[in-house]
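# Notes for the structure review
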Amino acid sequence: MNSNIQRLYEIAQKPSRKIIGLMAGTSLDGLDIALCTYQGSGLQTKVTVDEFETIPFSEEVKNEIRKIFAKKEIEFEQLCLLNPWIGNLHAEMINAFLQKRNIPNTEIDLIASHGQTVFHAPKIQHAKANFPNATLQIGDGDHIAVKTGIITLSDFRQKHCAAGGEGAPLAVYGDYLIFSEKNKNRILLNMGGISNFTFLSGDLDSEKVFATDTGTGNTIMDALMQREYGLPYDEDGAKASAGTVNKSLLEALKDHPFFTKELPKTTGPEVFNLAYLANAQKTSNTQSETTENILATLSLFTAETIADAIKQLPSGDHPNEVFMSGGGMHNPAIVNKLKALFPKTTFLKTDDIGINGDAKEAVLFATLANEAIVGGHTDFGKRGGVPSVTMGKISFPN
Ligand SMILES: Nc1ncnc2c1ncn2[C@@H]1O[C@H](COP(=O)(O)OP(=O)(O)OP(=O)(O)O)[C@@H](O)[C@H]1O
Ligand SMILES: CC(=O)N[C@H]1[C@@H]2OC[C@@H](O2)[C@@H](O)[C@@H]1O[C@H](C)C(=O)O
């Protein structure tokens, strides 16, 4: 037997495993690294986040990614170069993360790497009848495995597409295993560049569980902050909170077929970007609005489109607790508007049910890797076309 297969076999049988989950999201803010300990699998999964850090990307890294990120036309050479370059970069960040904590790489059983999404193209978006749902994450797993010496699982989204999904949101798998609780209907709302939520049913019925993107989170606001002020985001929603919502602009922003398509659905910055904002400003004749008013309007756009999607749940399913995660939960300009739209609902953070909301997506990928090696027996149901599949490709260090 190949010694790598032997090692995997041993990892699968260990009573507990150390798995590093990685997420590099659409905000391009940095690499989320969560070192987790796992016991069990499926609905018996027990996970603790032992260490967590977001290692910011330098401006140079962001600029290299922006050359191809969510663009229809790119230099093909740049895509080819970035694939191993991002793999190596993520590996160096993991090595530094472990070194800083005096943890030898040999103590880690697995790395679960999401990679960097560079383009997301579900059928509803590309509208090319002969082509399937497609999504592309780069940052090659072999490079991570070789540079860290740790078995690496990567490229999780392709199997989801192959089995009929849109490649996202995958959050439903981890959320169902980690956050389900009997007799509690729950919504887990992640507000990153794009927002999504998972609905968990209190009767633990996997057929009822599903996740969907709702539209923007911070992506347009971040891009506007970058363009107008050279800043990565509107810290604590200060500028948005100083502005006034422009109702005409809000209506124009909400006028897109994505919002009338039934749940679940996915999207990305390929749709929600500065060109989208410019078009909405043109159709609503609001080109001369101040940046602060635009930010106020965009934050309500995020909150209202999240609320509109949540309100599509059958009324009996509507939970009275929403658990937030992702960077948007730190933005009061979004969160206060959401709270106003759901006055009877309590807004908490996933921190309140055991997982740091900033680490949640990185933990998701660690959970998927745990399932790929140890689990694989959970029925995730079919509602919303969520396929029950094992995800992630395995890269060995030698
Ligand atoms: N203190 C803060 N005030 C306002 N916004 C914040 C704050 N902290 C983080 N954010 C927002 O959160 C974003 C990062 O969120 P996160 O890391 O969850 O996104 P992501 O994982 O890249 O996106 P996605 O989940 O859509 O792929 C920042 O770009 C910013 O817009
Ligand atoms: C293609 C892609 O990278 N999608 C991300 C993005 O960021 C949020 C939202 O859009 C979600 O659909 C997804 O990530 C999370 C981790 C998911 O799959 O659940």
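Above this note sits the structure.
A brief look at the structure comes next. (Residues numbered from 1 in each chain as written. Chains lettered and ligands numbered in written order. Predicted model: local features only at pLDDT ≥ 70, side-chain atom pairs only at ≥ 80, totals over all residues. Heavy atoms only, no water.)

### Section: the overall build of the protein chain
For the protein chain, the helix and strand inventory stands at 14 helices and twelve strands. Its C-alpha atoms give the protein chain a radius of gyration of 20 Å, near enough to 21 Å, the size a compact globule of 398 residues would have. C-alpha atoms of the protein chain, sized along the principal axes, occupy 70 × 50 × 45 Å. The buried share among the 398 residues of the protein chain stands at 55%. Within the protein chain, contacts between residues at least 6 apart in sequence are counted, and of these 70% link residues at least 24 apart. Total accessible area on the protein chain is roughly 16900 Å²; 50% of this is exposed by carbon and sulfur atoms. If the 37 positive side-chain charges of the protein chain are averaged to one point and the 46 negative ones to another, these points end up 3 Å apart. (Helix = DSSP H or I, 4+ residues; strand = E, 2+ residues; numbered from the N terminus. Rg over C-alpha atoms; globule rule 2.2 N^0.38 Å. Buried < 20%, exposed > 50% of the residue type's maximum accessible area, 1.4 Å probe, protein only. Contact = heavy atoms within 4.5 Å. Areas by Shrake-Rupley, 256 points an atom, 1.4 Å probe, with all protein chains shown as cover. Lys, Arg positive; Asp, Glu negative; His and termini not counted. Charge placed at Lys NZ, Arg CZ, Asp CG, Glu CD.)

### Quick notes on empty space enclosed by the protein
Taken as a whole and assessed by the stated rule, the structure comprises one cavity of 30 Å³ or more. If you trace the largest cavity, you find it lined by A171, G174, D175, I178, F179, I355, K360, E361, V363 and L364. Of all the secondary-structure elements, those providing two or more residues to the lining of the largest cavity are helix 7 (171-179) and helix 14 (360-373). Broken down by element, the lining of the largest cavity gets its largest block of residues, five residues, from helix 7. Split by residue class, the lining of the largest cavity holds six nonpolar, one polar and three charged. The two domains that each donate at least three residues to the lining of the largest cavity are domain 1 (3-168 + 358-395) and domain 2 (171-353). (1 Å grid on protein atoms, 1.4 Å probe; cavity = no way out; pocket = protein on both sides within 12 Å on 5 of 7 lines; lining within 4 Å. Points joined across faces, edges and corners; volume = space filled by probe spheres on them. Nonpolar A, V, L, I, M, F, W, Y, C, P; charged D, E, K, R; others polar. Domains from an automatic or database assignment.)

### Some remarks on the site of ligand 1
Looking at ligand 1, there are 21 residues lining it, with T26, S27, D222, D236 and G327 nearest. S27 is positioned such that a nitrogen or oxygen atom in its backbone is 2.8 Å from an oxygen atom of ligand 1. G327 places a main-chain nitrogen or oxygen 2.9 Å from an oxygen atom of ligand 1. The class makeup of the residues in the shell around ligand 1 is three nonpolar, twelve polar and six charged. Looking at which domains feed residues into the shell around ligand 1, each of domain 1 (3-168 + 358-395) and domain 2 (171-353) supplies at least three. (Near = heavy atom within 4 Å. Polar contact = N/O pair within 3.5 Å; in protein donor to acceptor, adjacent residues only side chain to side chain.)

### Examining the sheet that holds strand 8 (residues 194-200)
Spatially, the five strands line up as an open sheet ordered 9-8-7-10-11, and their pairing is mixed. Of all the strands in the sheet, just strand 9 (210-216) and strand 11 (346-349) have a single pairing partner and so form its edges. Each strand of the sheet is rotated relative to its neighbour by a mean of 25°, with strand direction disregarded. Looking at chain direction, strand 7 (residues 186-191) and strand 8 are connected through six bridges and run antiparallel. From the neighbouring strand, L189 faces strand 8, where its bridge partner is F197. Lying over the sheet, helix 12 (residues 291-310) contacts strand 7, strand 8 and strand 9, oriented at roughly 150° with respect to strand 9. (Pairing = 2+ DSSP bridges. Axes fitted to C-alpha atoms, helices over the stretch in contact; angles between N-to-C directions.)

Keep in mind these values describe shape, not function.
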